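# Examination of the molecular architecture
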Amino acid sequence: MMDTQLLIAGVIFGLSIGSIFFLMAIGLSLCFGLMRIISLDQLLYYSIGAYITYSVSLATGSMWLGVLCGLAMGGITSFAVERLVFRRIYERDITFSMITSFGILIGGVGVIKFFWGLVPRPVPIPIDAQVGIFGTDIPVYRLVVIVIALLVYAGIWLFLNRTIIGKAIRAGIENVEHVEGLGINVSRLFTITFIIAGTLSGLAGGLHAPLIMVDPQMGLEVLAFVFMVVIIGGLGSIKGTLVSAFLVGQVVSLGSLVYAPLAQMAPFAIMLLILLVKPTGLYGSTLVKR
Amino acid sequence: MNILRWWGGILVAFALLAVMRIFLPLPFVNEVMIFSIYTMGCNFLLGRVGFISFGQPAYLAAGAYATAFYLFYFGTNPYIGLLVGIAGGALVSLVVGPLFVRLRSDYFALVNLALAVIIFYLMQKVLAGITQGDNGLWFLTNIASTPVLDLSKPNEFFIFVFIVALAVWAFYKYLDDTIYGACCLGTKVNEDKVRFLGYSNFKIRLTAFVIANTTTALAGALYAIYLGFVSPEISSPSRAADPVVVTILGGVGTLYGPIVGAVAYTGMKDLISNLIGNWELFIGLLLVIIMLAGEKGIWGTLEPRLKKLVFRGRGAPTVNEGKARVG
């Protein structure tokens, strides 16, 4: 049987990595739900968030300020991209948006390489303290990451259920023509959703930066995991994204305790299993391209 | 006359490739040839069946590693290695195919990319004992000389790859003219109507999936023999978009697209990485621009103009191939 201390550390590790996955996957999921696009460029905003965090924390010494700047930069970049590119392709087929956003992602990686070079950069952890849980030392920073992700989930939930714009977004996920018929400016709704998605991806990048090295390919490295989270949860479902993010996080973390290479393989096996039973993911509806 | 017309365009295209052989360095031409075979599979999936796959490196790696295993551990004959590679690719796509083709096209793309990542880790870490991890398998010296066409010589390898590419192209062209090809296009455009006509969408898609990915595996096997070396880098997720980019660069669903795209892409890659070394930025921008300009690609834009040029003296064009089929 596994060591209890190791197990607790593993579970916390899994929750924190799941939080990062959740923050990134929610953008993909929202964009798909409302606009019916697959926005691979979310991974670019994640890298941008991480790099801005690195630069700002290097300059000012405050990592939290860096995260703030990172998420702001993620939002600004996503706004620019939405205006320049996505605005023109909402009407097109879903594969179209996928290819275009992949182009943006590769192009963005090129820009990052131009500014910051190829060398991986370390970001210092802002909170060094450890806290004992059942006799196991857990880094406080990981707990903070988990709390932030849960706060974001609560915030998104409140936003979607308690505000007019959020309700309009939810209605748009059901039927965008009806929303338009009610006189709501749908194209502004799209812009808002896209900026929220980009900002959250930037936040994920900033929070993830101290836990890993920041390098130009970092977006492509988490790409597969974020995909798996979105697929398992079902495209377009916020709750499904949260559940599957923590599920994948646990599988990655506990899997690597049992047998190291399992960390990468196990989520894939689970994804195949779930797709076999339910081809639209856990909470995915049978939404098709309208 | 009909047969001549059927072959006309491709004979010109391949004659141009043969001419390229004289003016351009051999490694470049070889890479273009293999790349165009690689892209033909993706082009078929995207243009005919409407499946976009970001996971082509998975099948490329399946073919390459099957060949590498044979040449490294068992035998020396590159031709048998090639067959083993094709069989490996067909096997992998037969195993995952029934699962994957049931999915909607958006899920399909994501699942395929995930598969590429998994194969990457499988080769890099899990099977490191057999694949030697990141060091890769080196077996250039294991490849024995063969009579007729000696694949261990780049010069004769070119002739072989040339013949293979021509054969693959002719096969896809033949496929286009059969009822099966029409069915593929049917499932892309309107799957309900295909079902009403009594065809099974699942079977059509599975066959197309296996055919396309076996082609990809063939390209992988050719890479393995040509380079004499295989490493996990071949299925690296950062190269996952390459075939899709080339397909779109050349023009989706056009028959000459893969060849035009492969020439343009490999050429640009060499030129730009020599000039500024940061070619991702460029290729990303190019992809976005092509998509915004109407996703016709280089060949899709050139084709009508070329036709006009060729048929100017002879009235309206009679051969409407390509244009009518572009989905």
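To be clear, the structure that these remarks concern was listed above.
In this report, the structure presented in the accompanying data block is examined. (Residues numbered from 1 in each chain as written. Chains lettered and ligands numbered in written order. Predicted model: local features only at pLDDT ≥ 70, side-chain atom pairs only at ≥ 80, totals over all residues.)

## Observations concerning the overall build of chain B
The number of helices and strands found in chain B is 14 helices and two strands. Taking as baseline every contact in chain B between residues at least 6 positions apart, the subset at least 24 positions apart corresponds to 78%. (Helix = DSSP H or I, 4+ residues; strand = E, 2+ residues; numbered from the N terminus. Contact = placed C-beta atoms within 7 Å.)

## Description of the overall build of chain A
Regarding its fold elements, chain A presents 11 helices and two strands. Sequence-ordered secondary structure for chain A, helices as α and strands as β, is α-α-α-α-β-β-α-α-α-α-α-α-α. Viewed in the frame of its principal axes, chain A has a C-alpha envelope of about 60 × 45 × 35 Å. Per-residue burial for chain A yields a buried fraction of 51% across its 290 residues. Contacts spanning at least 24 positions in sequence make up 76% of the contacts within chain A whose residues lie at least 6 apart. (Buried ≥ 20, exposed ≤ 12 C-beta atoms within 10 Å, placed from the backbone.)

## As for helix α2 (residues 26–49) of chain B
All names here are of chain B. Counted at 1.5 Å a residue, the expected span for α2 with its 24 residues is 34 Å, and the 34 Å between its end C-alpha atoms agrees. The axis of α2 is deflected most strongly, by about 25°, at Cys42. With 20 of 24 residues buried, α2 lies mostly within the body of the structure. Where α2 terminates, the next one or two residues include Gly50, which has phi positive at roughly 80°. (Expected span 1.5 Å × (residues − 1). Bend = angle between axes of the 7 residues up to and from the residue.)

## Quick notes on the interface of chain A and chain B
Taken residue by residue, the interface counts 37 residues in chain A and 33 residues in chain B. Counting residues per element, the ones that place at least two in the side of chain A that touches chain B are α3 (63–89), α4 (94–116), α9 (218–233) and α11 (262–277) of chain A. At 17 residues, α4 of chain A tops the list of elements feeding residues into the side of chain A that touches chain B. Its residues assigned to classes, the side of chain A that touches chain B shows 27 nonpolar, eight polar and two charged. (Nonpolar A, V, L, I, M, F, W, Y, C, P; charged D, E, K, R; others polar.)

## Here's the deal with the pairing of strand β2 (residues 136–139) of chain A
Residue and element names in this part refer to chain A. Where strand β1 (residues 130–133) lies against β2, four bridges are found, and the strand directions are antiparallel. Its bridge partner being in β2, Gln130 is matched across the sheet by Pro139. In this antiparallel pair of consecutive strands, β1 and β2, the connection spans two residues, and Phe134 shows a positive phi of 50°. (Pairing = 2+ DSSP bridges.)

## A few points about the environment of Ile164 of chain A
Structurally, the position occupied by Ile164 of chain A is in helix α6 (residues 164–174). Each C-alpha atom of the pair Ile164 of chain A and Thr191 of chain A lies 16 Å from the other, and the pair is 27 residues apart in sequence.

## As for the nonpolar core
Counting 192 residues, the largest nonpolar core has Phe21, Val226 and Met228 of chain A together with Ala114 of chain B as its most contacted members. Ranked by the residues each element gives to this core, the list is headed by helix α1 (residues 4–35) of chain A, at 16 residues. (Core = buried A, V, L, I, M, F, W, Y, C linked by C-beta atoms within 7 Å.)

## Notes on the packing of α3 of chain A against helix α8 (residues 186–208) of chain A
All names here are of chain A. Contact geometry of α3 with α8 gives a least axis separation of 7 Å together with a crossing angle of 145°. The hand of the α3/α8 crossing is right-handed. Contacts between α3 and α8 involve Gly66, Val67, Gly70, Leu71, Met73, Gly74, Gly75, Thr77, Ser78, Phe79, Glu82 and Phe86 from the first element and Thr191, Phe194, Ile195, Ala197, Gly198, Thr199, Ser201, Gly202, Leu203, Gly205, Gly206 and Leu207 from the second. The residue makeup of the contact of α3 with α8, split by class, is 10 nonpolar, 13 polar and one charged. (Axes fitted to C-alpha atoms, helices over the stretch in contact; angles between N-to-C directions. Left-handed = near helix turned anticlockwise from the far one by under 90°.)

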